[in-house]
Amino acid sequence: MTAPPARVILICSGKGGVGKTTLTANLGIALARLGETTVVLDADFGLRNLDLLLGLENRIVYNAQDVLEETCRLEQALVKHKQEPNLSLLPAGNARMLDWLTSDDMKKIVGMLAERANFVLIDCPAGIETGFRNAAAAAREAIVITTPEMAAVRDADRVIGLLNTQGVAPVQMVLNRVRPKMVANQEMLGVSDVTDILALPLLGLVLEDEQVITSTNRGEPLTLNGSLSPAGRAYMNVARRLRGEEVPLIDPSRERRGLRARLMGKIRRTTGLF
Amino acid sequence: MALFDFLQHLLGLQKPSATTARERLQLVLAHDRSDLNPELLERMRREILEVVQKYVEIDIESGDVSLATDDRVTALVANLPIRRARPLPSNSLETKARANPSNPEVLAPGDNPEIPEPIPSQSSELMDVQDAAHEPSPSP
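Residues numbered from 1 in each chain as written. Chains lettered and ligands numbered in written order. Predicted model: local features only at pLDDT ≥ 70, side-chain atom pairs only at ≥ 80, totals over all residues. Heavy atoms only, no water.

Some words on the overall build of chain A
- For chain A, the count of helices and strands is 13 helices and eight strands.
- For 274 residues, the compact-globule estimate of 2.2 N^0.38 gives 19 Å, and chain A sits close to it at 20 Å.
- Taking the principal axes of the C-alpha coordinates as reference, chain A spans close to 75 × 40 × 40 Å.
- In chain A, which comprises 274 residues, the share counted as buried stands at 54%.
- Taking the intrachain contacts of chain A between residues at least 6 apart in sequence as the baseline, contacts between residues at least 24 apart amount to 78%.
- Taken as a whole, chain A presents about 12,700 Å² of accessible surface, with 48% of it coming from carbon and sulfur.
- Within chain A, the 31 negative side-chain charges are centred at a point lying 8 Å from the centre of the 33 positive side-chain charges. (Helix = DSSP H or I, 4+ residues; strand = E, 2+ residues; numbered from the N terminus. Rg over C-alpha atoms; globule rule 2.2 N^0.38 Å. Buried < 20%, exposed > 50% of the residue type's maximum accessible area, 1.4 Å probe, protein only. Contact = heavy atoms within 4.5 Å. Areas by Shrake-Rupley, 256 points an atom, 1.4 Å probe, with all protein chains shown as cover. Lys, Arg positive; Asp, Glu negative; His and termini not counted. Charge placed at Lys NZ, Arg CZ, Asp CG, Glu CD.)

What follows is the structure, encoded as structure tokens:
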């Protein structure tokens with residue numbers, strides 16, 4: 001019996017701070033909970049944080065660099081999550097790795113991980129330089145995460161262009177930190193605005209949620225506990241959709257509309273103006 | 001400040017900021033995707049107008065060459081309203097010589113119906129010429 005080939009998914013955004021690492025951590029836990037053997041690889045060698053978000057920072061002994069230099073075996077470097085043993089982390093090496101790591105090195109590591117997992121999630125560094133290109137070279141498919149902000153959408157567009165030229169497919173999108181009230185008041189780009197502009201299928205929609213911050217403080221991704229917050233549910237749904245399940249998207253316009261939108265709607269209806 | 005914005009919005013003085021964001025993004029992405037800076041685009045626009053003007057008289061004021069983007073495909077869109085076909089001087093165009101190499105002198109403007117035709121078709125590979133004000137070329 002041969003196992004089906006692993007899904008190697010790059011999680012990238014272009015701009016920093018839009019939620020790549022949070023998505024990687026939550027998706028990793030969610031997939032593991034759904035019974036998938038999953039490895040998350042921190043490819044952000046300059047500014048690694050995936051260990052912190054997963055609460056594994058104190059358990060790191062070896063890292064990707066040691067595996068490449070063969071100072072340890074892959075099994076020794078992988079950090080298994082205590083509560084979700086289906087999930088392991090391969091920590092990033094130190095920042096000097098950026099100087100010598102090639103796309104072939106990256107392919108070698110990812111190839112090793114793909115042999116032992118159903119899903120390999122690569123947490124990509126921000127930017128579109130070597131770090132991104134090396135990570136993209138090793139990936140088969142990609143999730144571009146963005147927020148409804150101008151700079152994030154523009155940078156996501158650059159990344160999508162580069163992924164297309166590197167032959168990474170399919171490329172799907174997660175729209176993060178949407179504020180339904182601002183969207184209803186036309187103070188924030190809406191879901192269809194972003195999907196139209198970037199022309200990507202929407203894999204997930206995550207509303208702004210303070211719980212993300214508290215879960216990061218604890219090193220316990222939202223998908224880890226049973227009672228899920230809005231963002232946690234959204235991440236869980238992303239994992240389900242990745243596995244091919246049909247899960248309907250939440251409708252942000254169903255959220256309570258702001259005062260201005262209600263007032264404007266009323267004026268529009270009664271006067272028939274604009 | 002929010003109240004001031006609201007009043008402006010109410011009075012129709014200001015577009016919602018999401019609309020502004022969408023418009024600005026679409027424009028900047030069209031440029032990003034084509035890797036053309038505004039200066040280069042302007043130079044290209046001038047050259048295109050020069051070439052087109054050799055063949056037809058166009059309304060420069062309302063002429064427009066810009067980038068448009070739809071579904072990740074960026075197109076160069078030229079909208080050049082044509083006033084009328086230019087009377088062709090007998091020895092200035094090689095096309096004419098090629099069209100009738102045996103006797104270039106005999107060709108009078110408007111004699112050869114093929115000459116105005118190639119303009120849109122030749123350029124259509126490069127751009128989508130929307131000659132809104134296209135009139136049948138008058139023969140003098």
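Additional details are given in the paragraphs that follow.
Considerations on the confidence of the model for chain B
- Per-chain confidence: chain B averages 66 in pLDDT, with 54% of residues scoring 70 or above.
- Scored by ipTM, the complex comes to 0.79, with pTM at 0.74. (pLDDT = per-residue confidence, 0-100.)

A look at the nonpolar core
Residues and elements named next belong to chain A.
- The biggest cluster of nonpolar side chains holds 58 residues, and the ones touching the most others in it are L10, L90, I122 and L163.
- Among all residues touching L90, those that are not within four sequence positions of it are V39, V40, L41, D42, N63, A64, V67, L74, A77, L78, I109 and L113.
- Counting 36 residues, the second-largest nonpolar core is a separate cluster that includes L23, A30, L203 and V206. (Core = buried A, V, L, I, M, F, W, Y, C linked by side-chain atoms within 4.5 Å.)

Structural notes on the sheet that holds strand β3 (residues 79-80) of chain A
Residues and elements named next belong to chain A.
- Pairing in this open sheet of eight strands is mixed, and the strands run β3-β4-β2-β5-β1-β6-β7-β8 from one edge to the other. Taken across any chain shown, the strands that pair with only one partner, and hence form the sheet edges, are β3 and β8 (202-207).
- Across two bridges, β3 lies against strand β4 (residues 87-90) in antiparallel orientation. The partner of K80 across the bridge, within β4, is S88.
- Those strands touched by helix α8 (residues 150-166) are β1 (7-12), β6 (141-146) and β7 (171-178), and its axis lies near 170° from that of β6.
- Of the strands in this sheet, β1, β5 (119-123), β6, β7 and β8 are in contact with helix α12 (residues 230-242), which crosses β8 at around 170°. (Pairing = 2+ DSSP bridges. Axes fitted to C-alpha atoms, helices over the stretch in contact; angles between N-to-C directions.)

Comments concerning the interface of chain A and chain B
- Contacts between chain A and chain B engage 19 residues on the former and 19 residues on the latter.
- A combined buried area of about 1,800 Å² lies between chain A and chain B, and 63% of that area is made up of carbon and sulfur atoms.
- Taken together, the connections running from chain A to chain B amount to three salt bridges.
- In this structure, the salt-bridge partner of A:D157 is B:R33, at a minimum N-O distance of 2.5 Å.
- Summed over the shared surface of chain A and chain B, the number is seven residue pairs in polar contact (both at pLDDT 80 or more).
- Only α8, α10 (191-198) and α13 (259-271) of chain A provide two or more residues apiece to the side of chain A that touches chain B.
- A total of seven residues in the side of chain A that touches chain B trace back to one element, the largest contributor, which is α8(A).
- Class assignment for the residues of the side of chain A that touches chain B results in eleven nonpolar, three polar and five charged. (Buried area = accessible area lost by both parts, 1.4 Å probe. Salt bridge = Lys/Arg side-chain N within 4 Å of Asp/Glu carboxyl O. Polar contact = N/O pair within 3.5 Å; in protein donor to acceptor, adjacent residues only side chain to side chain. Nonpolar A, V, L, I, M, F, W, Y, C, P; charged D, E, K, R; others polar.)

Examining the packing of helix α7 (residues 130-138) of chain A against α8(A)
Residue and element names in this part refer to chain A.
- Running from amino to carboxyl end, α7 crosses α8 at an angle of 45°, the nearest separation of the two axes being 10 Å. Looking at the two axes, α7 sits oblique to α8. The element α7 and its partner α8 pack so that their crossing is right-handed. For the pair formed by α7 and α8, the contact residues are F132, R133, A136 and A137 on the first element and V159, L162, L163 and Q166 on the second. (Parallel < 35°, antiparallel > 145°, perpendicular 65-115°, else oblique. Left-handed = near helix turned anticlockwise from the far one by under 90°.)

Some remarks on α8(A)
- Between its first and last C-alpha, α8(A) extends 25 Å over 17 residues, near the 24 Å set by a 1.5 Å rise per residue.
- As for α8(A), its buried residues are in contact with β1, α7, β6, β7 and α10 of chain A together with α2 (17-34) of chain B.
- Positive backbone phi, approximately 75°, marks A:G167, located one or two places after α8(A). (Expected span 1.5 Å × (residues − 1).)

Overview of unusual backbone geometry
Residue and element names in this part refer to chain A.
- Omega for the peptide link from A169 to P170 comes to 0°, which places this bond in the cis form.
- Checked against the element boundaries, P170 lands in the loop between α8 and β7.
- Its identity is not glycine, yet Q186 carries a phi of approximately 55°, on the positive side.
- Judged by its relative accessible area of 33%, Q186 falls in the partly exposed class.
- We note that A199 has phi near 55°; this positive angle belongs to a residue other than glycine.
- Take A199: it is sitting in the loop between α10 and β8.
- With a relative accessible area of 25%, A199 lands in the partly exposed category.

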